[in-house]
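The primary structure of each chain is shown beneath.
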Amino acid sequence: MRLLIVEDEKRLALSLAAGLTAEGYAVDVVHDGTEGLHRASEGTYDLVVLDIMLPGMNGYRVCAALRAAGHDVPILMLTAKDGEYDEAEGLDTGADDYLTKPFSYVVLVARVKALLRRRGRTGSANPVHTVGPYAVDTGARRVTHTLDGIEVPLTAKEFAVLEQLVLRRGEVVSKSEILEHVWDFAYEGDPNIVEVYVSALRRKLGAELIRTVRGAGYRLEAPR
C-alpha cells in the first residue's frame, strides 16, 4: 500500500518514512501543504499522514480541499497542538483520526493499520482485480488462480510492482514511477532492479502479461 506523509519537520518525516517502509508500505514524503494537496489529489494513495502546521497551506485546508473534491482517502492528522477545539476542527474538516505530538511510533503504526483495515471493509473500490487467469487481491496482497484458487507465491516487492501495473492497467508505467512508489522516495540503488522484479513476475505469472515498451516502461495487457 502507498502512504503519503505531509510533514515539514524533515527529521520526523524521514524517521516516519523509514519506519513505515520497514512495515512494508511504500512511502512518499512532501514538506509543504500545497505540494501535499497536489500529490494526494492524484488519488493513488491508500492513506495520508498530514501535519496541521505546514508552509504553503495548513493541514486543515488540505484536508478540506481533498474532501470537497470527493477524495475519500483516509487522513491521519498530526499536530503539536493539544486541545479539544483543535481536534474537533481537524475532524470537522474530514480527517479520520488525530494524533498529538509527541506521540509513540507504535501508536501511530496501530492507527495507520486500523484506518487501512477500516477502508478495506468500507471502501467502495473493489480490491480484487482479474488479470488474465489470476485474481489479484490488493487488500489481502495475494494472487490466486481463478480456476482452482491456488495461490501464486510472490514476495512483498514482487506484489508491490504487480500492484502498480494492475492499478494502471493499459497505461505505460515507467521504471522511475515504479521505483518511487515501490522502493519509496529515498531509494538510491540501481534502477535496473525493476527489471529483475518484472522478470520474476513474468516467470511466475506468464511472459505475456507484462509488455515492455522500449524506452518508456511497462504495460499490463492482460484481459480482465
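Once a new chain begins, its residue numbering starts again from 1 and follows that chain's sequence as written. Where local features are concerned, this predicted model is filtered to residues with pLDDT of at least 70; where side-chain atom pairs are given and counted, the filter is 80 or more; whole-chain, interface and lining totals use all residues. Note that the side-chain values use all heavy atoms of the structure and ignore hydrogens as well as water.

J.: Hey, could you run me through the side chain of arginine 219 in this one?
T.: Per the convention used, a helix needs a DSSP run of H or I reaching at least four residues, while a strand needs a run of E reaching at least two, with both numbered from the N terminus. Within the secondary structure layout, arginine 219 lies in strand S11 (residues 217-220). Counting of polar contacts relies on pairs of N or O atoms within 3.5 Å, with two restrictions inside protein: one atom must be capable of donating a hydrogen and the other of accepting it, and residues adjacent in sequence are counted only when both atoms are side-chain atoms. Polar side-chain contacts of arginine 219 include one of 3.0 Å to the side chain of glutamate 221. Ignoring sequence-local partners within four residues, the contact set of arginine 219 consists of Gly170, Glu171, Val172, Leu209, Ile210, Arg211 and Val213. By definition in these notes, contact holds between two residues if any of their heavy atoms fall within 4.5 Å.

J.: Help me out: how do you make sense of the packing of aromatic side chains in this one?
T.: Side-chain rings of Phe, Tyr and Trp (the six-membered ring for Trp) are treated as a pair once their centres are within 6.5 Å; stacked means planes under 30 degrees apart, edge-to-face means over 60, and tilted covers the remaining angles. By the definition in use, this model includes 0 aromatic pairs. Above the face of the tyrosine 45 ring, arginine 2 is positioned so that its terminal group lies 4.2 Å from the ring centre. Geometrically, a charge over a ring is one whose NZ (Lys) or CZ (Arg) sits within 6 Å of the ring centre while staying within 35 degrees of the ring normal.

J.: Quick question: what am I supposed to make of helix H3 (residues 59-68) here?
T.: Residues lying three or four places apart along an α-helix face the same way, a consequence of the helix completing one turn every 3.6 residues. Every buried residue of H3 is accounted for by Gly59, Tyr60, Val62, Cys63 and Leu66. What you see down the axis of H3 is that its buried residues fit within an arc of 165 degrees, all on one side. One side-chain oxygen at the N-terminal end of H3 lies 3.0 Å from the backbone nitrogen of tyrosine 60; it belongs to asparagine 58. Downstream of H3 by a residue or two, glycine 70 has a phi angle that is positive, lying close to 90 degrees. Exposure is judged per residue with a 1.4 Å probe applied to protein chains only, and the accessible area is read against the type maximum: over 50% gives exposed, under 20% gives buried, and values in between give partly exposed. What the arc covers is the set of directions going from the helix axis to the C-beta atoms.

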